[in-house]
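# A closer look at the structure
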Amino acid sequence: MPAFNFKDSINLAAKLTPRRVWNGIKVLSSFYVSRILNKPIQWGYPVSISFEPTTSCNLRCPECPSGMRAFTRPTGMLEKDFFRKTIDDIYKELLYLIFYFQGEPYLNTGFLEMVKYASTKGIYTATSTNAHYLNDEAARKTVESGLDRLIISIDGTTQEVYKAYRVGGNLQKVIEGARNIVKWKKELKSNTPFVFFQFLVVKPNEHQVEEIKKLAKEVGVDEVRFKTAQIYDYENDPNQLIPENDKYSRYKKLADGTYAPKNKLANHCWKLWQGNVITWDGLVVPCCFDKDATHQLGNLKTQSFKEVWHNANYKQFRASLMKSRKNIDICANCSEGVSVWK
């Protein structure tokens, strides 16, 4: 299915304001100026951010720190008052807000209230869920919240295959949750959220790629998108997750049987100029690959967002990335943020 959806794109474009457009121009310009001068220049503020509702999760996915309960940082819930304060500081420039980093967003009981607050500020809102908590009431409230995009992780079309990666999960709950959303969109005559199945392609499920397209059509979601898996120990792949189909793998198999990333790591990354991640307890980190928040660029409990965005820590991190990306641990196993901007 196509990666571009006309209605969803029009909805996103409707969130643009002169101030957000001008901010985007400044951010994009500073990114290219930085590459030309080979030193970090940062104009404007983020076009998008990710805000973490919680680190808690009901599943135990093998390549997920939240699922494996392997965090070194504490588990907790994003507080509504702190969220509102942060959004009030940056919403005039901010276009896109992702309510996700680690964990299952619907475990935070105030999650949909925060979505609604961001929606009233004219921000495009999105989240990713394993859909186990999308009962009829939650689905109705989700549609009413103004959420613009709902990503439903569904990595199998049969329970046996689904649970191979989504350990502890129930496929029928996922399908039922998706049907609930589709139902309430129709009943409330709402064009949002744009709903798509995200299928993480791994070895146990790669034979079901065509089947997930059929299931999506049957359930009535808007689209299916396929995602390649990040494998932490990719050289040896101990969990046997790297798919045989090269199209769906971030890694290539070497002559000795080990794996290596396909893409060469260029010393730049668009993500470091246009967005970042905020943990549930206010830590600002570079991107979604810093799952343990080891590269803390600021703390919103002691500083404003705009102070953090231009502080010395940020400048140093961008400079280090431009000098040698492969020497930054979270960047060494990352294929994102560069492909569009080579």
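Structure report, in brief. (Residues numbered from 1 in each chain as written. Predicted model: local features only at pLDDT ≥ 70, side-chain atom pairs only at ≥ 80, totals over all residues. Heavy atoms only, no water.)

## Things to note about the overall build of the protein chain
From N to C terminus, the protein chain includes twelve helices and eleven strands. A globule of 342 residues ought to have a C-alpha radius of gyration of about 20 Å, and the protein chain, at 20 Å, matches this closely. Across its three principal directions, the C-alpha atoms of the protein chain cover 55 × 50 × 40 Å. The buried share of the protein chain, taken over its 342 residues, is 54%. Just so you have it, the protein chain exposes about 15,700 Å², and 53% of that area is on carbon and sulfur atoms. Here the protein chain contributes 49 positive and 36 negative side-chain charges, whose respective centroids are spaced 6 Å apart. (Helix = DSSP H or I, 4+ residues; strand = E, 2+ residues; numbered from the N terminus. Rg over C-alpha atoms; globule rule 2.2 N^0.38 Å. Buried < 20%, exposed > 50% of the residue type's maximum accessible area, 1.4 Å probe, protein only. Areas by Shrake-Rupley, 256 points an atom, 1.4 Å probe, with all protein chains shown as cover. Lys, Arg positive; Asp, Glu negative; His and termini not counted. Charge placed at Lys NZ, Arg CZ, Asp CG, Glu CD.)

## Digging into helix 11 (residues 312-323)
End to end, helix 11 covers 16 Å across twelve residues, agreeing with the expected 16 Å (1.5 Å per residue, within 8%). For helix 11, the N-terminal capping position is held by Asn-311, with its side-chain oxygen 3.1 Å away from the main-chain nitrogen of Asn-313. (Expected span 1.5 Å × (residues − 1). Polar contact = N/O pair within 3.5 Å; in protein donor to acceptor, adjacent residues only side chain to side chain.)

## Some words on the sheet that holds strand 1 (residues 48-51)
Across the sheet, nine strands lie side by side as 6-5-4-3-2-1-9-10-11; this open sheet has mixed pairing. Each having just a single partner strand, strand 6 (223-228) and strand 11 (298-299) make up the two edges of the open sheet. The sheet contacts of helix 4 (residues 111-120) involve strand 2 (96-99) and strand 3 (124-129), and relative to strand 2 the element is tilted by about 180°. (Pairing = 2+ DSSP bridges. Contact = heavy atoms within 4.5 Å. Axes fitted to C-alpha atoms, helices over the stretch in contact; angles between N-to-C directions.)

## Considering the side chain of Asn-205
With respect to the helices, strands and loops of the structure, Asn-205 is situated in the loop between strand 5 (194-201) and helix 8 (209-219). A relative accessible area of 1% places Asn-205 in the buried class. In this structure the side chain of Asn-205 is engaged in a polar contact, spanning 3.0 Å, whose partner is the backbone oxygen of Asp-155. Leaving out residues up to four positions away in the same chain, Asn-205 has contacts with Asp-155, Val-161, Phe-199 and Leu-200.

## Observations concerning the pattern of salt bridges
Close approach of charged atoms lets side chains of opposite charge pair. Tallied over the entire structure, the rule returns 17 salt bridges. Between Asp-148 and Lys-15 there is a salt bridge whose closest N-O contact spans 3.5 Å. With Asp-148 in the loop between helix 5 (136-145) and strand 4 (149-153) and Lys-15 in the loop between helix 1 (6-13) and helix 2 (18-37), this residue pair connects regions lying 133 residues apart in the sequence. Accessibility expressed as a relative area gives 16% for Lys-15, which makes it buried. Of the charged contacts in the structure, one is a salt bridge between Glu-93 and Lys-306, with a shortest N-O distance of 3.3 Å. Of this pair, Glu-93 sits in the loop between helix 3 (80-90) and strand 2 while Lys-306 sits in helix 10 (residues 305-309), and the two are 213 residues apart along the sequence. Judged by its relative accessible area of 8%, Glu-93 is buried. Shared partners join several salt bridges into a network, and the residues in it are Arg-19, Glu-93 and Lys-306. (Salt bridge = Lys/Arg side-chain N within 4 Å of Asp/Glu carboxyl O.)

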